Amino acid sequence: GMAKGDAHPVYGVTRHNAIKWCNARSEMEGRTPCYYEDEARTAVLRTEGDALDGRCVRWEADGYRLPTEAEGERAARGGLQGQRFPWGDEISHQNANYSGSTRGAPYDKSGRNGPTAAYITSLPHTAPVGSFPPNELGLHDMAGNVLEWCWDFYDKHYGLPELANNEFGAVVLNPPPSAVVVKDPHGPDLGISNVARGGSWRHSAEDARCAFRYDLPGGMPAAHVGFRVVRSK
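> What is the right way to read the packing of aromatic side chains from this model?
The description of two aromatic rings rests on the distance between their centres and on the angle between their planes. Taken as a whole, this structure holds eight aromatic pairs when the rule is applied. Geometrically, the ring pair formed by tryptophan 59 and tryptophan 151 is edge-to-face, given 6.0 Å between the ring centres and 85° between the ring planes. Within this pair, whereas tryptophan 59 is found in the loop between helix H1 (15-28) and strand S1 (64-65), its partner tryptophan 151 is found in strand S2 (residues 147-153), the two being separated by 92 residues in sequence. Lying across the ring of phenylalanine 153, arginine 15 places its NZ or CZ 5.0 Å from the centre.

> Mind showing me how you'd approach the pairing of strand S5 (residues 194-197) here?
Looking along a regular strand, one sees side chains alternate from face to face of the sheet. Side chains Asn194 and Ala196 project from S5 onto one buried face, and the interleaved Val195 and Arg197 project onto a second face that is buried too. Where S2 meets S5, three bridges bridge the pair, whose relative direction is antiparallel. Bridged to tryptophan 149 within S5 is alanine 196. As defined by bridge partners, S5 adjoins strand S6 (residues 214-216) across three bridges and the pair is classed as antiparallel. Looking at S6, one finds that asparagine 194 is bridged to leucine 216.

> It is not clear to me how the sheet that holds S5 should be interpreted in this structure. Could you clarify?
Remark on secondary structure: sheet strands pair via backbone hydrogen bonds, oriented parallel or antiparallel. Taken together, four strands build an open sheet; the order of strands is S6-S5-S2-S7 and the sheet is mixed. Two strands in the sheet have a free side with no partner beyond their single neighbour: S6 and strand S7 (225-226). Alignment of S2 against S7, held across two bridges, turns out to be parallel. Counterpart to glutamate 148 in the pairing with S7 is glycine 226. Relative to S2, H1 is tilted by about 85°, and along the sheet it contacts S2 and S5.

Thresholds applied
Residues numbered from 1 in each chain as written. Predicted model: local features only at pLDDT ≥ 70, side-chain atom pairs only at ≥ 80, totals over all residues. Heavy atoms only, no water. Phe/Tyr/Trp six-rings, centres within 6.5 Å; stacked < 30°, edge-to-face > 60°. Helix = DSSP H or I, 4+ residues; strand = E, 2+ residues; numbered from the N terminus. Lys NZ or Arg CZ within 6 Å of the ring centre and 35° of its normal. Buried < 20%, exposed > 50% of the residue type's maximum accessible area, 1.4 Å probe, protein only. Pairing = 2+ DSSP bridges. Contact = heavy atoms within 4.5 Å. Axes fitted to C-alpha atoms, helices over the stretch in contact; angles between N-to-C directions.

Have a look at this one:
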């Protein structure tokens, strides 16, 4: 990974390397790593390899790991519910480092096109961490700056009711949405791409919403993608 400066977020790191970094930090601090090469969870993951299987994760460990998609959204929302962004329903360059648009969504109040003017120097146009006010949980940059890897493999139908055909050939939801309860989900065990959340300096206001889901190949490094970590107490 790289960074524009010591106070800027890391970028250009793949999901797999972010996972290895989590294990390295866990071992450095004497914590139990979360990621393993085998389903028995005996061989700590320390090298390059194929996409991890969800069954190779020790969720109860006290080491560092990538947040699940659900944890990422909960952290972004802070204490707010039903709002587009961590601070409310509208966004401007006073709130986050994102690519504004004068023709964008009506809730984009940036009034100009492109990233926050103060950070348009050399690429990438990241802002130092903490340049914008935190949300109610005290977390900075939960919208904009860099997209952040989540643990989850991407599945646009995950957590939704299954589709089924009734006796008349019509598609129905089975079970109905009110009966679907997913508690602390970890996402599918396997998949082709992975979830990233939060928008970035090159993404629009729509992409910075708390509910927005972005899917990327886990092995793809990019100048607008970074990560943050979580751990159990």
